[in-house]
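Residues per chain, in single letters:
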Amino acid sequence: MPDAVLAAERAHLELAASCLGAMRSATLATADAGVDAWASERLGQARAERPRSLAADPGAPAFFGRTDTAEETFHIGRRHVRDAAGEPVVIDWRAPMSRPFYQASVADPQGLERRRRFGFADGALTSYEDESLTVDDRPSALLREEIERPRSGPMRDIVATIQPDQDDIVRAPLAESICVQGAPGTGKTAVGLHRAAYLLYTHGEQLARSGVLVVGPNRAFLRYIEQVLPALGEVEVDQATVADLTARVPVRAQDPDDVAVLKGDARLADVLRRALWRGVTKPRDSVQVPLSGRRYRIPEERLRRYVDDLRRAEISYGAGRERLALSLAEDARRQKEEAGGSPTDAETRRCARSAEVRAFCDERWPAVDAAALVAGVLADPSVAGSLLGVDEQELLRRTPARSVRATRWTAADAVLVDEVAGLLERTPGYGHVVVDEAQDLSPMQCRAIARRVGAGSMTVLGDLAQATSPWSVADWSTTLTALGRPDAAVRPLTTGYRVPAEVLEFANRLLPVLVPGLAPATAVRSEPGSLRLRPVSVLGPVLAEVVRSAGPGSVGVVCADASVEELVAALGLEGVDAAALADDGGEPAPVAVVPATLVKGLEFDHVVVVEPAAIVAAEPRGLHRLYVALTRAVSSLAVLHRDPLPDLLAG
């Protein structure tokens, strides 16, 4: 017997798809009224962006849920859909009236009489499930199926499965900066991206002017998440790594860890500031400047006052230099006016650009190139004085290249150059910045990000247990202070929705050593057989067997970086199509062999961790890196090892 409810919901899905198509056609047909150039430009941008935001995704149905109250029914979807009369057909998941879908419970139904979830296959509505919210219903099977759906390809949105603790963070006010301490599988990255989408919906006009930025740890990670926001209708969000943000010099070398740690220290900001401002010197004589055919002498005491006042002002170095030139020109103007003249603004500006004024500024407030200043500090770190110890100065010292252009810059150097550039000129800021894997940022990298925020707010995402960089910290206070948000609330997420309990409990054995006192994550689902530990004598055939038997979905083989080529070759000899995952964010192969240093933030349906001991031995914080590798699996984890497992995992 046909299901009348299912038939009605399918009809509504067809209506929604038709209306969405009509909305897109209407947008494409929008004409330019030609009011003015600015209006035409804005309309042109909107005409380019809006069709993309309304583009139909064949794998994403127009709605995924429904709420019923005593008075009305709302279908909840990824974006708002209306009919020709302007009536809502689907309500955007970010709208206030959609919140009960995520927050309602038997204890607090929030006015709902029923919550309905839908099941889909290839875009077709196949099933539905109702929760009465009046008695304790059994756990939602459709919700679990959606959470566990195979993860081939990039990260997907989680709008159909957002949980109450996640929703509280997603809908936090724009003015509030938040730090999310998220254990593996808790969805912290998705929560951060969905918060960005929510803020763009709720504060669209404000953020359209200032923009939203997502900062990730590497290009592979950004490639993995790049489709989440467009799937939610948000196409104008910038994504970058710290290296992208600070790419003012070409990076062609790498620092040893101890040098990188020192260059990442917040004290380097003070060293660079001191090196910059020591070039500003007090005038020692008067100066004559030309204005309207005459020359006017500005005495030494007034010149000193102009320099001192500007040094005390809260302005950039470059702006101070410009204002100094204007101060001299205005002084000459006042002198001419006192003598009965009336110089024009154009004459005053020409005075500020005169050779005499430029020469004075070049001598007392010289122009500075950011890269050249950093190169000079590294060649002679004694400028640090008491800010750095003698041993630290020697560690920092580098033989100068024949020219700044020939300098072999490192990634840490690039951050220092960006710091100086920020002192020279104000860095434009975004209205909101999402920073993922923030536990691995150095204080100087944090400062580079903070300069891009300005007066805006931040969503800081990370997990202290996954801290693998040489400057990683044991609590969030240092990082948040360096990000300029010391008062940001730390919101923990400890419920794992993606990683099976068996896998999470195995990885959690490392926590007492990694971050003593950190609350371990707990999983909402158990998958017997999802964890397999296999000692092997010959790796290649066993690895190929495990990969072939993994089941549907994505497969990631995680190993020490030095073993990647060996494993790709071994799988190839066994007839398995595998390729190394690269940091350039390229499309992953059906079976990705992932260097342990790139696996952070990624997820695979099936993960094979090869030789945990080699991952641990590869770097000082190798045990943290192993914890990351062990927590990337959504469905199953296999651990293959010839050498003994670390003691904490062997029991």
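Our structure's up above, just so we're on the same page.
Rules used in this analysis
Residues numbered from 1 in each chain as written. Predicted model: local features only at pLDDT ≥ 70, side-chain atom pairs only at ≥ 80, totals over all residues. Heavy atoms only, no water. Buried < 20%, exposed > 50% of the residue type's maximum accessible area, 1.4 Å probe, protein only. Helix = DSSP H or I, 4+ residues; strand = E, 2+ residues; numbered from the N terminus. Pairing = 2+ DSSP bridges. Contact = heavy atoms within 4.5 Å. Axes fitted to C-alpha atoms, helices over the stretch in contact; angles between N-to-C directions. Parallel < 35°, antiparallel > 145°, perpendicular 65-115°, else oblique. Nonpolar A, V, L, I, M, F, W, Y, C, P; charged D, E, K, R; others polar.

Draft legend 1. Molecular detail of the pairing of strand β10 (residues 287-291). Burial of β10 is one-sided: the residues V287, V289 and L291 facing one way are buried, the residues Q288 and P290 facing the other way are not. The pairing of β10 with strand β11 (residues 294-298) spans five bridges and is antiparallel. Bridge pairing links Q288 to R297 in β11. If you look at the hairpin formed by β10 and β11, you'll find two residues sitting between the two strands, and S292 has a positive phi there, around 55°.

Draft legend 2. Looking closely at helix α24 (residues 539-548). Of all 10 residues that make up α24, seven are buried, and the element is covered over most of its length. For α24, the full list of buried residues reads L539, G540, V542, L543, A544, V546 and V547. Residues of α24 that are buried in the fold lie against β17 (531-535), β18 (555-559), α25 (564-573), β20 (591-595), β21 (604-610) and β22 (633-641).

Draft legend 3. Focus on the sheet that holds strand β4 (residues 88-92). Strand order in the open sheet made by the six strands is β3-β4-β2-β1-β5-β6, with mixed pairing throughout. The open sheet has two edge strands, β3 (81-82) and β6 (124-131), and neither has a second partner. Relative to β6, strand β5 (residues 114-121) is paired through seven bridges, and the arrangement is antiparallel. If you follow G119 over to β6, its bridge partner there is S127. Contacts from helix α1 (residues 4-28) reach β1 (65-68), β2 (73-77), β3, β4, β5 and β6, with the element oriented near 120° to β6.

Draft legend 4. Layout of the packing of helix α12 (residues 267-277) against helix α17 (residues 370-379). Direction vectors running N to C along α12 and α17 enclose 110°, while the axes themselves pass 10 Å from each other. By the angle class used here, α12 and α17 are roughly perpendicular. Between α12, through V271, L272, A275 and L276, and α17, the contact on the second element is made entirely by L373, V374 and V377. A breakdown of the residues in the contact of α12 with α17 according to their chemical character gives seven nonpolar, no polar and no charged.

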